[in-house]
Amino acid sequence: MMARSVLTEARQIDIARDLIELDARLQVLEAEVSLSRERLLRLYREVKGKSPPKGMLPFSTDWFMTWQPNIHSSLFMNIYQHQFKSSDLEPVEALIRAFRLYREQVESLGMPEVLSVTRAWRLTRFFGAGMLGMTECTSCRGHFVTHSFELSHQYVCGLCNMPSRAGKTRQAVVGREPATTCAAF
């Protein structure tokens, strides 16, 4: 039996703490670090002050193909791939760093955060499994998340070819109601 290293365990706790601070689900923690479930539960309660949320992880690639999630996922994945290729980080460390950079970018623009760290982790898993890939837009030359087996010839992204209902969500309509009510008078 191999002796457990204190330094390795300390590093695992740091990674788990970083993921918990980014609101990662318990299943993500269990997949990325080798700490026991009981230790992760205790660490989660110490960091967040509450029990971790329950439920299944997102499992479909279709969510990443809708308009707004695709833009946020593409932004995150470009950051992640750059982090992973330009340094000798482990995949989970690149995920943490890329998600922090994604969050900074979204906050600096005053936009709501669409992608969670759990979905970002799942996105990297879909890329690793070859289910999703990046395709270059023929109009803006940006790289966007697409299905691996999608026809990429003459691909135009959601930013260059916005759908007619883009940005007209229920939340946006509710946020504008007082203004339209006042304008009616």
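All figures in this text were calculated on a predicted structure; none of them were measured in a lab. Within each chain, residues carry numbers counting from 1 in the order of the written sequence. Whole-chain, interface and lining totals are the exception, using all residues; otherwise, since this is a predicted model, local features are given only for residues with pLDDT of at least 70 and side-chain atom pairs are given and counted only at 80 or more. The basis for every side-chain value is the complete set of heavy atoms in the structure, and neither hydrogens nor water enter the calculation.

(A) Representation of the pattern of salt bridges in the model. The salt bridge definition used is simple: a Lys or Arg side-chain nitrogen within 4 Å of an Asp or Glu carboxyl oxygen. Summed over all chains, the structure comprises 11 salt bridges. In this structure, R17 and E21 form a salt bridge, with 3.7 Å as the shortest nitrogen-oxygen distance. Within this pair, R17 and its partner E21 are both found in helix 1 (residues 6-21), separated by four residues, close to a single helical turn. Think of it in three bands: residues with accessible area under 20% of the maximum for their type are buried, residues over 50% are exposed, and the middle band is partly exposed, with areas taken using a 1.4 Å probe on protein chains only. A residue is classified by how much of its surface remains accessible, and R17, at 33% relative accessible area, is partly exposed. Among the ionic contacts, a cluster of salt bridges with common partners joins D14, R17, D18, E21 and R100. The helix count covers DSSP runs of H or I at least four residues long, the strand count covers runs of E at least two residues long, and both are numbered beginning at the N terminus.

(B) Looking closely at the UniProt feature "binding site: Zn(2+)" (unreviewed entry) in the protein chain. UniProt positions are given in the numbering used here, feature names are shortened, and annotations may be inferred rather than shown by experiment. When the UniProt feature table is mapped to this numbering, "binding site: Zn(2+)" (unreviewed entry) covers C137, C140, C157 and C160. With the annotated positions falling across 24 residues, the maximum pairwise C-alpha distance of 8.5 Å places them together in a single cluster. Inspection of the secondary structure puts C140 in the loop between strand 1 (132-136) and strand 2 (143-147). For C140, a relative accessible area of 38% corresponds to the partly exposed category. With respect to the helices and strands, C157 occurs in the loop between strand 2 and helix 7 (170-184). Excluding residues within four positions of it along the chain, C157 makes contact with C137, C140 and F144. A contact between two residues is defined here by any heavy atoms of the two lying within 4.5 Å.

(C) Structural view of the environment of N78. Here N78 lies in helix 4 (residues 67-86). As for N78 and H143, which are separated by 65 residues in sequence, their C-alpha atoms are 7.4 Å apart. The residues touching N78, leaving out its near neighbours within four places in the chain, are M134 and H143.

(D) Spatial organisation of unusual backbone geometry. Positive phi, close to 70°, is recorded for D23, a residue that is not glycine. Here D23 lies in the loop between helix 1 and helix 2 (26-32). According to the relative accessible area criterion, D23 is partly exposed, its value standing at 42%. Residue Q154 is not a glycine yet carries a positive backbone phi of 60°. Its place among the elements puts Q154 in the loop between strand 2 and helix 7.

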